[in-house]
Amino acid sequence: MRTTVQDVARAAGVSVSTVSRALTGGSVSPSTREAVMAVAHRLGYQPNRAARGLITGRTGNLGLIVPDLRNPFFADVAKGVTARARAVDCGVFISDTDEDPVAELEAIATLRHNTDGILLCSPRARDAELLAAADPQNTVLLHRRVPGLSSVVADIVDGTRQAIRHLRALGHRRIAYVSGPEDSWATRQRLAGLAEFGSDAGLEILSVGSVAPTFDGGVLAGDLVLAGPATAVLAYNDLVAIGLLHRLAARGAVVPERMSVVGYDDISLAAMSHPPLTSVAVPKDRAGAIALDLLLGRAGSMTAAQGAEVILPTALVVRASSGAVV
């Protein structure tokens, strides 16, 4: 027979209400919570989310909205969210919006009424649209900043600074930049970093325009990069950078002798590319876990209602795709 909350209460020597509070994060002493959890584990108790929802008014489920699960960056974010969710006994509904701002808003409307909160990777929808669609008390943004909503973001500007300093130290003075979608918050952050630190370092930053944030986008940009005077290229993300590597190889342009290539995000494929890709590492799975804790109010004094912002550091990972000017 299925173990019930009454069985746990009898074995732990406490009331049913105490067991309920201990298992749902309510107000009980740490020693009581630990004792109840130990008994529940020993008896194999599995809480009934539907029944618990009738009592607490909460579903025990959260929503995660991402623009493209084919991109390993967002797959890693999802891994961080789901691993943390299992640890705190939450379910996660994942919605892939296929880089469509309208689909992002539709997903928010759907999940807002079927979950206890939403973790939102939304690179496309406008700030005003997000503020109108989302509940500020139950929404945390990932890798984007919108005033009025809590967020977990990487320090993109500093990551850009690290990439530029690295290329400058290698002797590069003309650096091409392959941008992502113009309406992306991350694009604006990268451009801000390039504008600030590129000029300070005495570099010439050569924009080759915007492409889709995909392997194919990088392939399309390859000829534009080679047509200019740049000796190095910084790509919007690793997928674009790997597409660049593919096109440069097809054109006989040896990396890094002819062109140094630096990506962004440090996805798993970066270390597997040929040559292995120098990239700015972003703590993707950690960001997902922190965002979930922030949403649940488990991150110290910060809560989603307070519009908290967590900024995570980035770090340049140097591999064989970047080298000194020949």
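Described below are features of the structure shown in this document. Model, not experiment: these values are computed from the prediction.

A few points about the packing of aromatic side chains
Turning to step 1, where the next piece is worked out: What the rule picks out here adds up to one aromatic pair.
Turning to step 2, where the next piece is worked out: Judged by centre distance (5.0 Å) and plane angle (85 degrees), the rings of Phe73 and Phe74 are edge-to-face. Comparing Phe73 with Phe74 shows no difference in burial state: the two are buried.
Turning to step 3, where the next piece is worked out: Directly above the aromatic system of Tyr236 lies the positively charged group of Arg190, at a separation of 4.7 Å from the ring centroid.

A look at helix H5 (residues 72-87)
Turning to step 1, where the next piece is worked out: Its 16 residues place the ends of H5 23 Å apart at the C-alpha level, agreeing with the 22 Å of an ideal helix rising 1.5 Å per residue.
Turning to step 2, where the next piece is worked out: Along H5, the residues that are buried comprise Pro72, Phe73, Phe74, Val77, Ala78, Gly80, Val81 and Ala85.
Turning to step 3, where the next piece is worked out: Its side-chain oxygen at 2.9 Å from the backbone nitrogen of Phe73, Asn71 defines the N-terminal cap of H5.
Turning to step 4, where the next piece is worked out: Of the residues flanking the end of H5, it is Asp89, one or two places downstream, whose phi is positive at about 60 degrees.

Re the sheet that holds strand S6 (residues 174-179)
Turning to step 1, where the next piece is worked out: Reading across from one edge, S7-S6-S8-S9-S10-S12 is the order of the six strands in this open sheet, with mixed pairing throughout. Each edge of the open sheet is held by one strand with a lone partner, namely strand S7 (204-210) and strand S12 (315-317). On average, adjacent strands in this sheet sit at an angle of 20 degrees to one another, irrespective of strand direction.
Turning to step 2, where the next piece is worked out: In the sheet, S6 pairs with strand S8 (residues 232-235) via four bridges, with the strands oriented parallel. Residue pairing in the sheet places Ile175 in a bridge with Ala232 of S8.
Turning to step 3, where the next piece is worked out: Contacting S6, S7 and S8, helix H10 (residues 215-227) crosses the sheet at an angle of about 155 degrees to S6.
Turning to step 4, where the next piece is worked out: Against the sheet, helix H11 (residues 238-250) touches S6, S8, strand S9 (260-265) and strand S10 (278-281), its axis set at about 155 degrees to S9.

Here's the deal with the pattern of salt bridges
Turning to step 1, where the next piece is worked out: For the structure shown, the criterion picks out 14 salt bridges.
Turning to step 2, where the next piece is worked out: The salt bridge partner of Glu309 is Arg145, with a shortest N-O separation of 2.4 Å. Placement of the pair is Glu309 in strand S11 (residues 309-312) and Arg145 in the loop between strand S4 (139-142) and strand S5 (150-154), with a sequence separation of 164 residues.

Reading guide: rules and limits
Residues numbered from 1 in each chain as written. Predicted model: local features only at pLDDT ≥ 70, side-chain atom pairs only at ≥ 80, totals over all residues. Heavy atoms only, no water. Phe/Tyr/Trp six-rings, centres within 6.5 Å; stacked < 30°, edge-to-face > 60°. Buried < 20%, exposed > 50% of the residue type's maximum accessible area, 1.4 Å probe, protein only. Lys NZ or Arg CZ within 6 Å of the ring centre and 35° of its normal. Helix = DSSP H or I, 4+ residues; strand = E, 2+ residues; numbered from the N terminus. Expected span 1.5 Å × (residues − 1). Polar contact = N/O pair within 3.5 Å; in protein donor to acceptor, adjacent residues only side chain to side chain. Pairing = 2+ DSSP bridges. Axes fitted to C-alpha atoms, helices over the stretch in contact; angles between N-to-C directions. Contact = heavy atoms within 4.5 Å. Salt bridge = Lys/Arg side-chain N within 4 Å of Asp/Glu carboxyl O.

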